[in-house]
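Structural description and commentary
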Amino acid sequence: MEETIKATIKSKDGTRVFALPAKVVSQKTQGILRRFFESKEYVTIEDTLSFLMTSIESESKMSEKNLQLQEEIKKQQSQIEELCVKLENL
């Protein structure tokens, strides 16, 4: 049997239970999803959407920070290359 994450979502139309496949995400993500969905009897659609928006925003900020770090690495590599050329010319 495939390992799943149980997601019980309550809406005004009733409660639905979903079995989300766990193998498609990392262990860390599995833990986050389990804590969100399985720590309570159910979550609302609003809770789920808020969780999704918060997660996307967090990932977006991390991507932005990653780009900044990559730019900084490129600058430092250029500086190192310039220093190496200067050393060779000494």
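The model shown is predicted, which means the values in this text are computed figures rather than measured ones. (Residues numbered from 1 in each chain as written. Predicted model: local features only at pLDDT ≥ 70, side-chain atom pairs only at ≥ 80, totals over all residues. Heavy atoms only, no water.)

A short note on the environment of leucine 49
Heads up, the rule is: Runs of H or I in DSSP of at least four residues are treated as helices and runs of E of at least two as strands, each being numbered from the N terminus. Partly exposed residues are those whose accessible area sits between 20% and 50% of the maximum for their type, while under 20% is buried and over 50% is exposed, using a 1.4 Å probe and protein chains only.
Considering the arrangement of structural elements, one finds leucine 49 in helix α2 (residues 45-89). Note on leucine 49: relative accessible area 47%, which makes it partly exposed. Spatially, the C-alpha atoms of leucine 49 and glutamine 70 are 31 Å apart, while their sequence positions differ by 21 residues.

Describing the side chain of glutamine 30
Which entries qualify depends on this criterion: Polar contact criterion, stated in full: a pair of N or O atoms within 3.5 Å, where within protein one must be able to donate a hydrogen and the other to accept it, and residues adjacent in sequence count only if both atoms are side-chain atoms. For this analysis, residues touch if any pair of their heavy atoms sits within 4.5 Å.
Residue position: glutamine 30 is located in helix α1 (residues 27-38). The class of glutamine 30 is buried, set by a relative accessible area of 9%. A distance of 3.2 Å separates the side chain of glutamine 30 from the backbone oxygen of valine 25, its partner in a polar contact. Not counting residues within four places of it along the chain, the set of residues in contact with glutamine 30 comprises Glu3, Ile5, Ala22, Lys23 and Val25.

Description of the packing of α1 against α2
For clarity, the threshold we go by: In this analysis, axes come from line fits to C-alpha atoms, helices being fitted only over the stretch in contact, and the angle between any two N-to-C directions falls in the range 0 to 180 degrees. Any angle between 65 and 115 degrees counts as roughly perpendicular, while under 35 counts as roughly parallel, over 145 as roughly antiparallel, and the rest as oblique. For any helix crossing, the convention is left-handed if the near helix is rotated counterclockwise from the far helix by under a right angle, and right-handed if that rotation is clockwise. By the convention adopted, Pro, Cys, Tyr, Trp, Phe, Met, Ile, Leu, Val and Ala count as nonpolar, Lys, Arg, Asp and Glu as charged, and the other residues, Gly among them, as polar.
At a minimum axis distance of 11 Å, the contact between α1 and α2 shows a crossing angle of 155 degrees. Judged by the angle between their axes, α1 and α2 are roughly antiparallel. Note that α1 runs across α2; the crossing there is right-handed. On the side of α1, the interface is formed by Ile32, Leu33, Phe36 and Phe37, while α2 contributes Asp47, Thr48 and Phe51. Classifying every residue of the contact of α1 with α2 gives five nonpolar, one polar and one charged.

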